[in-house]
Amino acid sequence: MDITALPESESAAPGGEAESPENVKKVEGRDPETVRLKRAYESEVEAKVASDHQHIVWAYGVIWVLFVGYGMLLWRRANAQRADLERLQKR
Amino acid sequence: MKYVPYVLLAIAALLFPYAVSQVFLHTPIEAEMGTAQKIFYFHVPLAWTTMVFGVVCGIAAGIQLRIRSERAEAIAVAAGEMVVLCGAGVLITGPIWGDATWGTPWTGDARQTSTALLWLVFVAYLLVRRYGPANSDRLAAALAIFGAVDVPIIYYAVKIWKTIHPQTTVVGSLPGSMWATLWLCVAAILPTCIALVWIRADQERSAMALDRAWIERDAAAATA
């Protein structure tokens, strides 16, 4: 008797579809270890981008403050000179 | 000629927003350093400007030392202030960039050290120029010339000594979009600095003329 030859009703899946390797669909990214690694990588990238943005804001802010500060210094000097010239002309 | 610095400032005012939008919106993120590399687009032009005005200050101080030119003296003072201003920008943005990419703000390599030395020399120049005794302008001029000599040392530091700083050839090897953005930033910063030096040099000459006028007035009052 051939024991591999099962009756048709027994070899079928409960849902009615056959579970042959061709019909099984591999699900990507569902493996817990892969998901954990992906999340760890994403949080690392997020931290790097946040840190980079912080550094950029500081660097550009410093440049802006330096130039605006120097501009104001020149403006104050010009006002002081104008006042000095007026004092000289009055005497 | 009176309006030249204001025309330069107007050009810079138009270029700055465009340059910043190019840096952040239209230039790709560098693969190795990430977003922090965007500091490069203003750090490098500031460093170049520091070196250019270091040389300008040294030459003007040399002329002032030789022929006692008031105009040269005014340009030297204005350029010296620009070296200190842009040098401060370089010495602050550099370590911020270094902290983000190297993990440390200061490695003490030859380029960093020589740039810090340049900045200190020009701070000393301005201090001597402002608070020095009579005739200290000659000592100040010597300091400015010494500072100008430091400029080629900064440039060649990455070739002569082992340093973590990128080589001088890095600009030439940039991809087209990054290269164009860098020059756009140079085009925004350089006219700003030239205009500020121009305005400051005019102020310095006015201050000299005012000093002379006060002395003449006091002398006339004393003889009357």
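Basis of the calculations
Note that residues are indexed from 1 along each chain, following the sequence as it is written. In the order they appear in the text, chains get letters beginning with A and ligands get numbers beginning with 1. Given that this is a predicted model, residues contribute local features only at a pLDDT of at least 70 and side-chain atom pairs are listed and counted only at 80 or more, while totals for whole chains, interfaces and linings are drawn from all residues. Working definition: helices are DSSP H or I runs of at least four residues, strands are E runs of at least two. Numbering for both runs from the N terminus. Whether a residue is buried, exposed or partly exposed is read from the other C-beta atoms within 10 Å of its own C-beta, which are placed from the backbone; 20 or more gives buried, 12 or fewer gives exposed, and intermediate counts give partly exposed. Residue pairs qualify as contacts under a 7 Å threshold applied to their C-beta atoms, which are placed from the backbone. Put simply, Ala, Val, Leu, Ile, Met, Phe, Trp, Tyr, Cys and Pro go in the nonpolar bin, Asp, Glu, Lys and Arg in the charged bin, and everything else, Gly too, in the polar bin. An axis is simply a line fitted to the C-alpha atoms; with a helix, the fit covers only the stretch in contact. Between two such axes, the angle follows the N-to-C directions and lies from 0 to 180 degrees. Angular relationships are summarised with four words: roughly parallel below 35 degrees, roughly antiparallel beyond 145, roughly perpendicular across 65 to 115, and oblique for the angles in between. How far a helix is expected to stretch is found by multiplying one less than its residue total by 1.5 Å. The reported bend at a residue is simply the angle between two axes, fitted to the 7 residues ending at it and to the 7 residues beginning with it. If you view the pair so one helix is near and one far, a crossing is left-handed when the near helix is turned anticlockwise from the far one by less than a right angle, and right-handed when it is turned clockwise. As a per-residue measure, pLDDT reflects the predictor's confidence and takes values from 0 up to 100. By our criterion, buried Ala, Val, Leu, Ile, Met, Phe, Trp, Tyr and Cys residues that link up through C-beta atoms within 7 Å make up a nonpolar core.

Looking only at helices and strands, chain A has 2 helices and 0 strands in total. By the burial criterion, 5% of the 91 residues in chain A qualify as buried.

Along its length, chain B carries 6 helices and 0 strands. Across chain B, helices and strands are ordered from the amino to the carboxyl terminus as α-α-α-α-α-α. Projected onto its principal axes, the C-alpha positions of chain B cover 75 × 40 × 25 Å. Of all 224 residues assigned to chain B, the portion counted as buried reaches 40%.

Looking now at the interface of chain A and chain B. Taken residue by residue, the interface counts 23 residues in chain A and 26 residues in chain B. A per-class count over the side of chain A that touches chain B returns 14 nonpolar, 4 polar and 5 charged.

Contact pair helix α2 (residues 32-90) of chain A / helix α3 (residues 70-101) of chain B: the axes reach a minimum separation of 9 Å and the direction vectors enclose 175 degrees. On the basis of their axis angle, the class for α2(A) and α3(B) is roughly antiparallel. Contacts between α2(A) and α3(B) involve Ser51(A), Asp52(A), His55(A), Trp58(A), Ala59(A), Val62(A), Ile63(A), Leu66(A) and Tyr70(A) from the first element and Leu85(B), Ala88(B), Gly89(B), Ile92(B), Thr93(B), Ile96(B), Trp97(B), Asp99(B) and Ala100(B) from the second. Residues belonging to the contact of α2(A) with α3(B) are distributed by class as follows: 12 nonpolar, 4 polar and 2 charged.

All names here are of chain B. In a regular helix each residue adds 1.5 Å, so 23 residues correspond to 33 Å; helix α1 (residues 4-26) covers 31 Å between its end C-alpha atoms and thus fits that length. The largest bend in α1 is about 25 degrees, located at Leu15, with the proline Pro17 one to four residues further on. Residues Pro5, Ala12, Leu15, Ala19 and Val23 constitute the buried set of α1. Here the buried face of α1 lies against α2 (40-67) and α6 (176-223).

Glycine aside, residues mostly have negative phi angles, and peptide bonds mostly take the trans form. Residue and element names in this part refer to chain B. Located in the positive-phi region is Arg68, a residue other than glycine, with phi close to 55 degrees. Locating Arg68 in the fold gives a position in the loop between α2 and α3. Although it is not a glycine, Asn135 adopts a positive phi angle of roughly 70 degrees. With respect to the secondary-structure elements, Asn135 resides in the loop between α4 (110-131) and α5 (137-160).

Turning to α5(B), a few remarks are in order. The terminal C-alpha atoms of α5(B) lie 34 Å apart, and with 24 residues this matches the ideal 34 Å at 1.5 Å per residue to within 8%. Those residues of α5(B) that are buried lie in contact with α2, α3 and α4 of chain B.

Residues and elements named next belong to chain B. Two elements in contact, α3 and α4, have axes whose closest approach is 9 Å; the angle formed by their N-to-C orientations is 145 degrees. For α3 against α4, the interelement crossing comes out left-handed. Here Val77, Gly80, Glu81, Val83, Val84, Gly87, Ala88, Val90, Leu91 and Gly94 of α3 come into contact with α4, specifically with Gln112, Thr115, Ala116, Leu118, Trp119, Phe122, Val123, Tyr125, Leu126 and Arg129.

Before going further, it helps to examine the confidence of the model for chain A. Put simply, chain A has an average pLDDT of 81, and 71% of its residues get 70 or more. The low-confidence segment residues 1-13 of chain A, where pLDDT is below 50, has 4 contacts with residues more than four positions distant or belonging to other chains.

What follows concerns the nonpolar core. Counting residues in each nonpolar core, the largest one holds 64 residues, and the members touching the most others are Cys57(B), Ala79(B) and Met82(B). Every element with two or more residues in this core is listed here: α2 of chain A together with α1, α2, α3, α4, α5 and α6 of chain B. Here this core takes 18 residues from α3(B), the largest share from any one element. What Cys57(B) contacts, discounting residues up to four positions off in sequence, is Ala76(B), Ala79(B), Gly80(B), Val83(B), Ala144(B), Gly147(B) and Ala148(B).

Let us look at the confidence of the model for chain B. Averaged over all residues, the pLDDT of chain B is 94; the fraction at 70 or higher stands at 100%. For this predicted complex, the interface score ipTM comes out at 0.91, while the overall pTM is 0.86.

In this fold, Ser69(B) is placed in the loop between α2 and α3. Residue classification places Ser69(B) among the partly exposed positions, given that 14 C-beta atoms sit within 10 Å.

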